[in-house]
Structure formats: structure tokens, C-alpha cells
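Working through the structure, step by step
In case you want the letters, here they are:
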Amino acid sequence: MSTRQPSEKSTRITTRTVVEMKGHGEKISMLTAYDYTMARIIDQAGIDIILVGDSASNVMAGHETTLPITLEQMMYHTACVVRGAERSLVVADLPFMSYQVTDTGALESAGRMMKEAGAHAVKLEGGHTIVGSIRKIVDAGIPVMGHLGLTPQSIFKFGTYKVRATDDEEAEQLMDDALQIQEAGCFAVVLEKIPSGLAERVTAALSVPTIGIGAGDRCDGQVLVTHDMLGLNKDFSPRFLRRYADLFTDMTKAFQQYRSDVKKGLFPDRNEQYDK
Ligand code: KIV
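These figures come from a predicted structure and were not determined experimentally.

About the cut-offs
- Residues numbered from 1 in each chain as written.
- Predicted model: local features only at pLDDT ≥ 70, side-chain atom pairs only at ≥ 80, totals over all residues.
- Heavy atoms only, no water.
- Helix = DSSP H or I, 4+ residues; strand = E, 2+ residues; numbered from the N terminus.
- Expected span 1.5 Å × (residues − 1).
- Buried < 20%, exposed > 50% of the residue type's maximum accessible area, 1.4 Å probe, protein only.
- Near = heavy atom within 4 Å.
- Polar contact = N/O pair within 3.5 Å; in protein donor to acceptor, adjacent residues only side chain to side chain.
- Areas by Shrake-Rupley, 256 points an atom, 1.4 Å probe, with all protein chains shown as cover.
- Axes fitted to C-alpha atoms, helices over the stretch in contact; angles between N-to-C directions.
- Parallel < 35°, antiparallel > 145°, perpendicular 65-115°, else oblique.
- Left-handed = near helix turned anticlockwise from the far one by under 90°.
- Contact = heavy atoms within 4.5 Å.
- Nonpolar A, V, L, I, M, F, W, Y, C, P; charged D, E, K, R; others polar.
- Pairing = 2+ DSSP bridges.
- Right-handed = clockwise from strand over helix to strand, strands pointing away.
- Domains from an automatic or database assignment.
- Buried area = accessible area lost by both parts, 1.4 Å probe.
- Salt bridge = Lys/Arg side-chain N within 4 Å of Asp/Glu carboxyl O.
- Phe/Tyr/Trp six-rings, centres within 6.5 Å; stacked < 30°, edge-to-face > 60°.
- Lys NZ or Arg CZ within 6 Å of the ring centre and 35° of its normal.

Topic: helix α4 (residues 71-84)
Its 14 residues give α4 an end-to-end C-alpha distance of 20 Å, which sits within 8% of 20 Å, the value for a rise of 1.5 Å per residue. Every buried residue of α4 is accounted for by Leu 71, Met 74, Met 75, His 77, Thr 78, Ala 79, Cys 80, Val 81 and Gly 84.

Structure, rendered in C-alpha cells:
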């Protein structure tokens, strides 16, 4: 079993740091994590922001959509990640129906995520319809990251995971939403699966950074779901996904080798046991 090693404290990335990164043209790196061990590796690799995404609903819990995950479950994942992150900024998704009903309800959810789970900021999906909630949360001193374009919590409204805002009307609405949520106090905005030209225009129009996923190279930063970029999932291959490892294959080989060694009595060997 591994134990946590004390290490030198390095300077924490803050919401202010990421806004300054846009100012001096430094790209922002963000990856998802849902547990302590993964957060620790990502943090030590120097990734700026760890997102405790509600994609936990898919990759950790095996649900088809992000809708079923609860606030309590997201808080559990967030607390685990916070314990593993010494330097990265930890942003936690507020899950479906934890902020859409009332502005006060949204603030209560955000407050619990900060106070009980230890998040450094929260992320909410949506534009003009949630401006009141964003303002209320920000006014209470809680930093908010926005999320526009393909917003998976609305999948049953869209009916598809295809690229969003390909027509002029939706593109103009997205631009207007981006400006409104910036004005409401968002310190950054995720742009998911929209045309790169639109992402470039939004990035130029905003003073706060944009972080893209399937939104092209002109965003101020990029985010990927860690399980996808590590190649843990063979079935998900959107065009925007670059796989940096093939852990599905590597892990399968390791498990098969272990099984074979156990079956043949080759594990443990003499050096792997206690004689006295
Ligand atoms: O839940 C998540 O992982 C996300 C990213 C895809 C941005 O929101």
C-alpha cells in the first residue's frame, strides 16, 4: 500500500493566476480527476487546474449520462481530489439539479462544495438562464467557472452529442451567453465541442480565459477527461480526443500476467514472502 509522502509546498494556482495566464499568453492546462491517487499524479505533473467533473457519473459510476450523480457523490470525489492536490486549482462541477432550481439553492450547493468538500471553485453549465445563480455565488466569495456549448447536463434537450452552435443564431446566442456570464463574475469559461472559429471569437471577446474541449487551438487553455486521454476507454473516440497513453492495453496485459503467475504458482516467489 502506498502512503502519502510529505513534499515541499509549491505555490498554489489560484483563479487570479489563471486570469493572469491569459494576460501574458500562457496556455492553461486542465484535466479531470475524481480520486486522491490520480489527483496527486496530475498535481505533481504540473497541470494547472484539476476539474472534478460530473463526468465522474460516466467514468467512475458507469452511468450513460452525467444526470444521475448527486451533490453528495460529487462532494465525496472532490474531497478526495483536494487531499491529493498541493499546487493545482481544484474546480468542482455542481451536478444536475443542484443549482438550476433557485439562485439560493445554487448558493447552498456551491457553499457545501467549498466548505465541506474543500473545492477552490465551482463549475456550472449554462448561459443567460443561470446568470442570477452565478452572480449570487460569486457575491458570496465563491469563484465560478462557466461552461457553454455542448453542456452534457442538457443532453435530453439537445438529443445528441454533436458539435453545437454551428448555425449563426446559436453561435450569436453562445457569444451573448459568454459575455453575460463573464459580466456575472465567472473567472473562466469552458467551451465544449463548438466550431474553432466561434471559440476564437469568444476568446477574443472575453477578458477571462476560455478553456476548450473540442473547441480548437485558439482557446486560452485545454481540458480533457483524464480517463479518455490515458486510453482507458476504447469505445469513445471523438475527433478532438488525443490519446497520450494506451492504458487499457497496458492494464489488461498486467492483469493477465498476474492471473497467469497466480494460476501457475509463480507469484509470490521466495523474495516476495516472509520466512520468519
Ligand atoms: O465533467 C467534465 O468532465 C467536464 C469536462 C468535459 C469539461 O465538464
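A closer look at the site of the ligand
Taken together, Thr 32, Leu 51, Gly 53, Asp 54, Ser 55, Asp 93, Lys 123, His 147, Ile 213 and Val 225 are the residues near the ligand. Between the ligand and Ser 55 there is a distance of 2.5 Å, counted from an oxygen atom to a side-chain nitrogen or oxygen. Lys 123 is positioned such that a nitrogen or oxygen atom in its side chain is 2.9 Å from an oxygen atom of the ligand. Protein contact buries 94% of the 260 Å² of open area that the ligand shows by itself.

Things to note about the packing of helix α8 (residues 168-184) against helix α9 (residues 196-205)
At a minimum axis distance of 10 Å, the contact between α8 and α9 shows a crossing angle of 25 degrees. On the basis of their axis angle, the class for α8 and α9 is roughly parallel. The crossing of α8 and α9 is right-handed. In this structure, α8 uses Ala 171, Glu 172, Leu 174, Met 175, Ala 178 and Leu 179 to contact α9, whose residues at the interface are Leu 198, Arg 201, Val 202 and Ala 205. Here the contact of α8 with α9 is composed, by residue class, of eight nonpolar, no polar and two charged.

Comments concerning the pairing of strand β2 (residues 49-52)
On β2, burial covers both faces: Ile 49 and Leu 51 on one face and Ile 50 and Val 52 on the other are all buried. Two strands pair when backbone bridges link them, and strand β1 (residues 28-32) and β2 are joined in this way by three bridges, in the parallel orientation. Directly across from Thr 32, in β2, lies its bridge partner Leu 51. Since β1 and β2 lie parallel, the crossover through helix α2 (residues 36-44) that links them has a hand, and here it is right-handed. Judged from the four bridges that link them, β2 and strand β3 (residues 89-93) form a sheet pairing that is parallel. In the sheet register, Ile 49 faces β3, and the bridge partner there is Leu 89.

Topic: the domain arrangement of the protein chain
Taken domain by domain, the protein chain holds domain 1 (8-245) and domain 2 (246-276). Domain 1 puts five residues into the contact, and the matching count from domain 2 is five residues. Around 470 Å² of area is buried between domain 1 and domain 2 when both sides are counted, 65% of it from carbon and sulfur atoms. By the criterion of area lost to domain 2, the three top residues of domain 1 are Leu 232, Lys 234 and Ala 245, representing 78% of everything that side buries. Run the count over domain 1 and domain 2 and you get one salt bridge. The salt bridge involving Lys 234 is made with Asp 246; its shortest N-O contact spans 3.4 Å. The tally of links from domain 1 across to domain 2 stands at four residue pairs in polar contact (both at pLDDT 80 or more). In terms of residue class, the side of domain 1 that touches domain 2 is built from three nonpolar, one polar and one charged.

Considering the packing of aromatic side chains
Overall, the coordinates contain one aromatic pair when judged by the stated rule. Its end group placed over the ring of Phe 158, Arg 164 keeps NZ or CZ at 3.7 Å from the ring centre.

Observations regarding unusual backbone geometry
What you tend to see is this: most non-glycine residues have negative phi, and most peptide bonds are trans. With an omega dihedral of -5 degrees, the bond running from Phe 267 to Pro 268 counts as a cis peptide bond. Along the chain, Pro 268 turns up in the segment after α11 (247-263). With a phi angle near 55 degrees, Ala 165 is a residue other than glycine that sits in the positive phi range. On the secondary structure map, Ala 165 appears in the loop between α7 (155-158) and α8. Here Lys 193, not a glycine, exhibits a phi torsion of approximately 50 degrees, which is positive. Here Lys 193 is to be found in the loop between β6 (188-192) and α9.

Some points on the packing of helix α5 (residues 103-115) against helix α6 (residues 131-139)
At a closest axis distance of 8 Å, the pairing of α5 and α6 adopts a crossing angle of 45 degrees. If you check the angle between α5 and α6, you find them oblique. In this structure, the crossing between α5 and α6 has a hand that is right-handed. For the pair α5 and α6, contact is made by Asp 103, Thr 104, Ala 106, Leu 107 and Ala 110 and by Gly 132, Ser 133, Lys 136 and Ile 137, respectively. The residue inventory of the contact of α5 with α6, partitioned by class, reads four nonpolar, three polar and two charged.

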